[in-house]
Amino acid sequence: MTGIARTLRALAAAGAALLAVTAAAPAAAARPEPKAPPEFVDLRSVDSTIITEMRYTTAHNFMGEPVDGYRQPACILTRPAALALRTAQRSLLRQGYSLKVYDCYRPQRAVDHFVRWAKDLDDQAMKDEFYPLVDKTRLFEDGYIAEKSGHSRGGTVDLTLVKLPALPTRPYEPGEELAPCYAPRSERFPDNSVDMGTGYDCFDTLSHTDDPRVQGAQRANRQFLKSTLTSLGFVNLAEEWWHFTYKPELFPDTYFDFPVARRSVAGH
């Protein structure tokens, strides 16, 4: 073999080796998704009768698009919180009601998505339904959006009550005409839950659990939900009739970021 041939062959071998390293680099750099600690469970594995309507996997929320980190419509919670919901559900079923969850564990990447959306003042596609009376520049100051959420610790759940038998609800159609979340029940987006006076995730003071303007059956429904859950260790957030945290929290200082997906809790 001539010197030139040997040189060309060596260069070809070096090039092939470089290509192989380059091709392998993305796979080597890709990190697996984090998984939930063993203390987390899929609610349906604890009680399959609880109705789920995981809003953040859909476009029917205050941003108008699926939220980062929500891969499947699964309610993931710490086991003590899930077991307490099962106890509540058993009591409610005997009275002709069911719980319905809207959101459970929320990854930090979803909270970060909320923050990016809140800072984009030009994006107000869902204002007419979810925050008709709130200027978007005030979402942080008024406490509607924050950079951390108790949901990311795993013991917080957003939920409501449904009178049985549960009626079907129609899907949200992106671009459809929006009605204010505090409008009379017959006018706002249909929900098979009992009437709580506002829809879920309504950025308005009427969502405060004990707002004195909410009276009659709407107030009674809020108090029924609250009393049922607080008797089992849940604490209501006064500004949101739907928001409850199970105490004591297993992870009071940890904000998790594993995705909302059943594989995150597989085998738990």
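Fair warning: this is a prediction, and the values are worked out from it, not measured in the lab.

Parameters and conventions
- Along each chain, the written sequence defines residue order, and numbers are assigned to residues from 1.
- Predicted model: local features are reported for residues with pLDDT of at least 70 only, side-chain atom pairs are reported and counted for 80 or more only, and whole-chain, interface and lining totals are derived from all residues.
- Only hydrogens and water are set aside when side-chain values are computed; all heavy atoms of the structure are taken into account.
- What counts as a helix is a DSSP run of H or I of at least four residues, what counts as a strand is a run of E of at least two, and both are numbered from the N terminus.
- Partly exposed residues are those whose accessible area sits between 20% and 50% of the maximum for their type, while under 20% is buried and over 50% is exposed, using a 1.4 Å probe and protein chains only.
- In this analysis, two residues are considered to be in contact whenever any of their non-hydrogen atoms come within 4.5 Å of each other.
- Surface accessibility in these figures is a Shrake-Rupley result with a 1.4 Å probe; residues are shielded only by whichever protein chains are displayed.
- Paired strands, as defined in this entry, are two strands with at least two bridges between them according to DSSP.
- Axes here refer to lines fitted to C-alpha atoms; in helices the fit is confined to the stretch in contact. Angles between the N-to-C directions go from 0 to 180 degrees.
- Computed over the protein atoms alone on a 1 Å grid, cavities are sets of points where a 1.4 Å probe fits but cannot get out and pockets are open sets with protein on both sides within 12 Å along at least five of seven lines; a residue lines them when it has an atom within 4 Å of a point.
- Grid points are joined across faces, edges and corners, and a volume is the space filled by probe spheres set on the points.
- All amino acids are sorted into three groups, where Ala, Val, Leu, Ile, Met, Phe, Trp, Tyr, Cys and Pro are nonpolar, Asp, Glu, Lys and Arg are charged, and the leftover types, Gly among them, are polar.

Trainee: Hey, could you run me through the overall build of the chain in this one?
Mentor: On a plain count of helices and strands, the chain comes out with 6 helices and 7 strands. Written out in order from the N terminus, the α and β elements of the chain read α-β-α-β-β-α-β-α-α-β-α-β-β. A burial count over the chain gives 47% of its 268 residues as buried. Partitioning the intrachain contacts of the chain with sequence separation of at least 6 by distance along the chain shows that 75% fall at a separation of at least 24. Carbon and sulfur atoms make up 56% of the accessible area of the chain, which amounts to about 13,300 Å² in all.

Trainee: Looking at this structure, how should I read the sheet that holds strand β5 (residues 156–163)?
Mentor: Sheets are built from strands paired through backbone hydrogen bonds, the pairs being either parallel or antiparallel. An order of β2-β4-β5-β7-β6 is seen for the 5 strands of this open sheet, with the pairing classed as mixed. Only two strands of the sheet have a single partner each, and these edge strands are β2 (51–52) and β6 (234–236). Bridge count for β2 against strand β4 (residues 97–103) is 2 bridges, and the pairing is parallel. For I51, the partnering residue across the bridge sits in β4 and is K100. Those strands touched by helix α3 (residues 79–94) are β4, β5, β6 and β7 (243–246), and its axis lies near 145° from that of β4. On the sheet, helix α6 (residues 216–230) packs against β4, β5, β6 and β7 and is oriented at approximately 125° with respect to β5.

Trainee: In this structure, what is going on with the layout of surface pockets? I would like to understand it.
Mentor: In this approach the atoms are scanned with a rolling probe the size of a water molecule, which exposes any empty space left behind. Quantified by volume, the largest pocket comes out at close to 500 Å³. Looking at the largest pocket, it is lined by 26 residues, and the ones nearest its centre are G143, Y144, L237, E240 and H243. Here the residues of the lining of the largest pocket sort into 11 nonpolar, 7 polar and 8 charged.

Trainee: Help me understand the pairing of β7, please; the structure alone is not making it clear to me.
Mentor: Of the two faces of β7, both are covered, the one formed by H243 and T245 as well as the one formed by F244 and Y246. In this sheet, β7 lies alongside β5 in antiparallel orientation, the contact comprising 3 bridges. Of the residues in β7, the one forming a bridge with V157 is F244. Where β6 lies against β7, 3 bridges are found, and the strand directions are antiparallel. Paired with V235 across the two strands is T245, which belongs to β7. In this antiparallel pair of consecutive strands, β6 and β7, the connection spans 6 residues.

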